[in-house]
Amino acid sequence: QAQLAESGGGLVQAGHSLTLSCAASGGSFESYAMGWFRQAPGKEREFVAGISFDSSRKLYSDSVKDRFTIFRDNAKTTVYLLIDSLKPEDTARYYCAADLGGFQVRTQARDYVYWGQGTQLTVSA
């Protein structure tokens with residue numbers, strides 16, 4: 001069983017960039033597809049980005065695809081989310097998750113088995 005731990009959130013001014021990290025331990029990180037989700041207060045958790053086990057496939061939600069970049073380092077068992085040009089509407093708790101079906105990148109939370117506790121990102125105007 002894998003454990004996931006997100007980091008890198010905080011209070012950031014709009015227009016800046018930030019990289020979130022998700023470190024995995026246990027399990028078989030190199031075989032998992034990984035996803036990033038976010039949940040803002042009063043809203044449902046939403047998919048923002050996903051990456052296949054070998055980085056050959058990446059998928060982004062339409063709302064973030066021009067500003068978010070997902071990448072991973074299997075040697076470090078870590079997946080990252082680079083967010084450029086931060087906006088106040090990016091304020092949310094960001095979660096990483098692991099999908100055992102490593103090649104396909106899926107967007108539904110129910111397809112992901114392991115989840116981290118999340119890291120809070122707050123973007124000030």
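Residues numbered from 1 in each chain as written. Predicted model: local features only at pLDDT ≥ 70, side-chain atom pairs only at ≥ 80, totals over all residues. Heavy atoms only, no water.

A.B. asks: It is not clear to me how the pattern of salt bridges should be interpreted in this structure. Could you clarify?
C.D. replies: Proximity of charged atoms lets side chains of opposite charge pair with each other. Inspection of the entire model under this criterion finds 6 salt bridges. Note that Arg38 is salt-bridged to Glu46, the shortest N-O span being 2.7 Å. For Glu46, a relative accessible area of 33% gives the class partly exposed. Linked by salt bridges that have partners in common, Arg38, Glu46, Arg67 and Asp90 make up one network. (Salt bridge = Lys/Arg side-chain N within 4 Å of Asp/Glu carboxyl O. Buried < 20%, exposed > 50% of the residue type's maximum accessible area, 1.4 Å probe, protein only.)

A.B. asks: Mind showing me how you'd approach the pairing of strand β11 (residues 119-124) here?
C.D. replies: One face of the sheet, then the other: side chains in a regular strand alternate in exactly this way. Side chains of β11 alternate between two faces, with Thr119, Leu121 and Val123 buried and Gln120, Thr122 and Ser124 left unburied. Two elements, strand β2 (residues 10-13) and β11, share 4 bridges in a ladder whose sense is parallel. Across the sheet, Gly10 pairs through a bridge with Leu121, a residue of β11. (Helix = DSSP H or I, 4+ residues; strand = E, 2+ residues; numbered from the N terminus. Pairing = 2+ DSSP bridges.)

A.B. asks: Would you take a moment to explain the pairing of strand β5 (residues 46-51) for this structure?
C.D. replies: Most of β5 sits out of view: 5 of its 6 residues are buried. Across 5 bridges, strand β4 (residues 33-39) lies against β5 in antiparallel orientation. Residue pairing across strands places Met34 opposite Ile51, the latter belonging to β5. From the end of β4 to the start of β5, which pair antiparallel, there are 6 residues, and Gly42 there has a positive phi angle of about 80 degrees. Of the pairings in the sheet, the one linking β5 to strand β6 (residues 58-60) comprises 3 bridges and is antiparallel in character. Across the sheet, residue Ile51 finds its bridge partner in β6, namely Lys58.

A.B. asks: What is the right way to look at the state of the cysteines in this model?
C.D. replies: Linking two cysteines covalently via their sulfur atoms produces the bond known as a disulfide. Tallied over the full model, the rule gives 1 disulfide. Across the disulfide from Cys22 sits Cys96; the S-S distance is 1.9 Å. Given an S-S torsion of about 50 degrees, the disulfide between Cys22 and Cys96 has right-handed geometry. With Cys22 in strand β3 (residues 18-25) and Cys96 in strand β9 (residues 92-99), this pair connects stretches of sequence that are 74 residues apart. Neither Cys22 nor Cys96 differs from the other in exposure class; each is buried. (Disulfide = S-S within 2.5 Å.)

A.B. asks: Would you mind showing me how to read the packing of aromatic side chains here?
C.D. replies: Given two aromatic rings, one states the distance between the centres and the angle between the planes to describe the pair. Applying the stated criterion across every chain yields a total of 6 aromatic pairs. Here the aromatic rings of Phe37 and Phe47 are separated by 5.6 Å at their centres, their planes lie at 75 degrees, and the arrangement is edge-to-face. Here the residue Phe37 occupies a position in strand β4, and Phe47 occupies one in strand β5, the gap between them amounting to 10 residues. With centroids separated by 4.9 Å and ring planes inclined at 20 degrees, the aromatic side chains of Phe71 and Tyr80 adopt a geometry described as stacked. Of the residues examined, Phe71 reaches a relative accessible area of 32% and is grouped as partly exposed. Members of the aromatic cluster, joined through ring pairs, are Phe37, Phe47, Tyr112 and Trp115. Over the aromatic face of Tyr95 sits the side chain of Arg45, whose NZ or CZ is 3.8 Å from the ring centroid. The ring of Phe29 has Arg72 sitting right over it, with the charged end atom 4.4 Å from the ring centre. (Phe/Tyr/Trp six-rings, centres within 6.5 Å; stacked < 30°, edge-to-face > 60°. Lys NZ or Arg CZ within 6 Å of the ring centre and 35° of its normal.)

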